[in-house]
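# Survey of secondary and tertiary structure
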Amino acid sequence: MTGRLYGVGLGPGDPELVTVKTARLIGEADVIAYHAARHGRSIARSIALPYMKDGQIEELLLYPLTTETTDHPGGYQGALDDFYADCAERLAAHLDAGRTVVVLSEGDPLFYGSYMHMHKRLAHRYPTEVVPGVTSVSAASAVLGRPLVERDEVLTVLPGTLPAEVLADRLRGTDSAAVLKLGRTFEKVRDALAEAGRLDDAWYVERATMGTERVAPLKDVDADGVPYFSLALLASPAERTFVPESPAAEARGEVVVVGLGPAGRPWLTPEAQEALAAATDLVGYGPYVDRVAPNPRQSRHRTDNRVEAERARHALELARDGARVAVVSSGDPGVFAMASAVLEAAADFPDVPVRIVPGLTAAQAVASRVGAPLGHDYCVLSLSDLLKPWEVVADRLTAAARADLVLAIYNPASRSRTWQVAAARDLLLEHRDATTPVVIGRNVGGEQESVTVTTLGELDPAQVDMRCLLIVGSSTTRITDRGVVYTPRRYP
């Protein structure tokens, strides 16, 4: 008796998306076969591993080449044909011996899968069964949360290896599309989407359902490092066509001004996370909007840093038309940020509700890195003289220094404002000892975080830029032998 051949689909990467039947067959097989590039690492095997058993024979089918050239007389295709023929005979030897052979295939075995080359050479000779799997296209659609096709729409699946003009023509003439095999073809595919007028609607999905999954608008993706296991997706254009807007939906518009904290997700409060998740539109300064993970159902409105009033009005106009808008600010939105701008503009939009969701401030973040320099009374002050005269800044610095308050100084410097830090230091030295502790916190919570503890007399303005926050101690602020900075709660 001969053995039986199975081509099994493992799905897109998550081992939990393997079908029950495929898992059973893997566990019962005598021989597990899988393809891999020259490095020998098989994604298919890593997906199947939880279902494999000790003692099974493994057949590694190692490709002789992938994208490189060859001196084979039949060229690239000839080299692959010889490889597939050799692999088929290796599996045939097991089948002739009566062994059950399972060939692993990522996604679905007959959807751009390597298994089909074994199937064409062996299925007419041995009992064979193909077990379907979840395709990468279905996985990408699920990850995006967008339907592929609806009603009588047409879905077109294209390999990125097609000529650019063919891709553009096919993309122009279809409702939905999936373009596979990106990798080195990414730039060509992006140009074809642009030529077809579909780039703004295209999404990029990388390694869907795997631990390294990545989703982004395709137009924002850098071509460097795009892997083979990624695709471009044009979801159903009728996603919302057949759902009429109800009066209740129109009445749900609001503006929520959200504090993102000083850096990444660990600094984000649960309330802020909830507000961001519920939003239909995100509005804010570009780098702050970029800190929020992309969500394909949300529209993102990125603006320059000096258009706060226009940004606020735009958010209110969107909410007036029914959108749930999250206006994002770094730190706390009520501290030198968007809350006041939105509330000021809201006077012209009396029917639009506005909520403020607080965030961890930069002053709190910097203070936490060195101890508790804000342990007693302190004031928060911006050195920027763009929205108020320097004379006002100087008067407030002097008043705070005379009152012996700890100072948390925001916006200390920028490319166009280079002298204010030195001027502020000199003003403070008129009322503070030169040994007063000073903390310079830069990009706290970010990858390039740095925190420096110095003194007022030794403060070097060259160390300070726009990404810094300064904390200047009071007369009671102390630095311990271990470099901890704190201000006692008791005053002398």
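Figured I'd write up the structure that's included with this text. (Residues numbered from 1 in each chain as written. Predicted model: local features only at pLDDT ≥ 70, side-chain atom pairs only at ≥ 80, totals over all residues. Heavy atoms only, no water.)

## Observations concerning the nonpolar core
In this structure, L383, L397 and L407 are the most contacted members of the largest nonpolar core, which totals 24 residues. At the level of elements, β17 (378–382), α14 (390–402), β18 (406–410), α15 (420–429), β19 (437–442) and β21 (468–472) are the ones that each hand at least two residues to this core. By residue number, the principal contributor to this core is α14, which donates six residues. Once you skip the residues sitting within four places of it in the chain, L407 turns out to touch C379, L397, A400, L428, R432, L470, I471 and V472. Formed by 22 residues, the second largest nonpolar core is a distinct cluster that contains A168, V179, A196 and Y204. (Core = buried A, V, L, I, M, F, W, Y, C linked by side-chain atoms within 4.5 Å. Buried < 20%, exposed > 50% of the residue type's maximum accessible area, 1.4 Å probe, protein only. Helix = DSSP H or I, 4+ residues; strand = E, 2+ residues; numbered from the N terminus. Contact = heavy atoms within 4.5 Å.)

## As for the sheet that holds strand β23 (residues 485–486)
Read across the sheet, three strands follow the order β16-β23-β22 without closing on themselves; strand pairing throughout is mixed. With partners counted over all chains shown, the strands left at the sheet margins are β16 (371–372) and β22 (478–479), one partner each. Sheet topology places β22 next to β23; two bridges connect them, and they run antiparallel. Each residue of the ladder has a partner; that of I479, found in β23, is V485. (Pairing = 2+ DSSP bridges.)

## Things to note about the packing of aromatic side chains
For the structure on display, the rule yields nine aromatic pairs. Seen from their ring centres, Y63 and F83 are 5.0 Å apart, and the 40° between their planes marks the pair as tilted. With a gap of 20 residues between them, Y63 in the loop between β3 (57–62) and α3 (75–96) and F83 in helix α3 connect regions that are remote in the sequence. Residue classification places F83 among the buried residues on the basis of a relative accessible area of 9%. Note on F186 and Y204: the rings are 6.0 Å apart at their centroids and 90° apart in plane angle, and the pair reads as edge-to-face. With a gap of 18 residues between them, F186 in helix α7 (residues 186–195) and Y204 in strand β8 (residues 203–206) connect regions that are remote in the sequence. An identical accessibility class is assigned to F186 and Y204; each is buried. Clustering of aromatic rings is evident, with ring pairs tying together Y63, F83 and Y84. (Phe/Tyr/Trp six-rings, centres within 6.5 Å; stacked < 30°, edge-to-face > 60°.)

## Overview of the pairing of strand β10 (residues 230–234)
When you tally the buried positions in β10, you get five out of five residues, the bulk of the element. Taken together, the three bridges between strand β7 (residues 176–180) and β10 define a ladder with antiparallel strand orientation. Bridge assignment links V179 to a residue of β10, and that residue is A232. Bridging between β8 and β10 involves four bridges; their strand directions are antiparallel. Bridge pairing in β10 links W203 to L233.

## Brief notes about the sheet that holds strand β11 (residues 254–259)
Spatial ordering of the open sheet is given by β13-β12-β14-β11-β15, a layout of five strands whose pairing is parallel. The open sheet has two free edges, formed respectively by β13 (299–303) and β15 (354–357), since each of these has just one partner strand. Put simply, the sheet's adjacent strands are angled 20° from each other on average, direction ignored. Pairing between strand β12 (residues 281–285) and β13: five bridges, direction parallel. Across the sheet, the residue bridging to V283 is H301, located in β13. Against the sheet, helix α11 (residues 308–320) contacts β11, β12, β13, β14 (324–329) and β15, and its axis sits at roughly 175° relative to β12. (Axes fitted to C-alpha atoms, helices over the stretch in contact; angles between N-to-C directions.)

## What to know about the side chain of R417
Topologically, R417 is positioned in the loop between β18 and α15. Buried charge without a partner: R417 forms no salt bridge, and the closest opposite charge is D385, 4.6 Å away. Separated by 3.0 Å, the side chain of R417 and the backbone oxygen of N411 make a polar contact. Among all residues touching R417, those that are not within four sequence positions of it are L383, S384, D385, L386, N411, P412 and M466. (Lys, Arg positive; Asp, Glu negative; His and termini not counted. Salt bridge = Lys/Arg side-chain N within 4 Å of Asp/Glu carboxyl O. Polar contact = N/O pair within 3.5 Å; in protein donor to acceptor, adjacent residues only side chain to side chain.)

## Comments concerning unusual backbone geometry
Where the residue is not glycine, phi is negative for most of them; where a peptide bond is considered, it is trans in most cases. Backbone geometry places R151, a non-glycine residue, at a positive phi of 55°. Looking at the secondary structure, you find R151 in the loop between α5 (136–144) and β6 (155–159). Its identity as a non-glycine residue notwithstanding, T209 has a phi of 75°, on the positive side. Here T209 is to be found in the loop between β8 and β9 (214–217).

## Some thoughts on the packing of α11 against helix α12 (residues 338–345)
Two elements in contact, α11 and α12, have axes separated by 9 Å at closest approach and are oriented at 60°. In terms of their interaxial angle, α11 and α12 are classed as oblique. Classified by chirality, the crossing of α12 by α11 is right-handed. Across the interface between the two elements, E308, R311, A312, R313 and L316 of α11 pack against M338, A341, V342 and A345 of α12. Considering only residue class, the contact of α11 with α12 consists of six nonpolar, no polar and three charged. (Parallel < 35°, antiparallel > 145°, perpendicular 65-115°, else oblique. Left-handed = near helix turned anticlockwise from the far one by under 90°. Nonpolar A, V, L, I, M, F, W, Y, C, P; charged D, E, K, R; others polar.)

## Describing empty space enclosed by the protein
Applying the stated rule across the entire model yields one cavity of 30 Å³ or more. For the largest cavity, the calculated volume is near 40 Å³. Residue lining of the largest cavity: L383, I409, V421, A424, R425, L428, L456, L459, L470 and V472, and that is the complete set. Where the lining of the largest cavity is concerned, the elements lending two or more residues are α15 and β21. If one sorts the elements of the lining of the largest cavity by residue count, α15 sits on top with four residues. Of the residues in the lining of the largest cavity, the class split is nine nonpolar, no polar and one charged. (1 Å grid on protein atoms, 1.4 Å probe; cavity = no way out; pocket = protein on both sides within 12 Å on 5 of 7 lines; lining within 4 Å. Points joined across faces, edges and corners; volume = space filled by probe spheres on them.)

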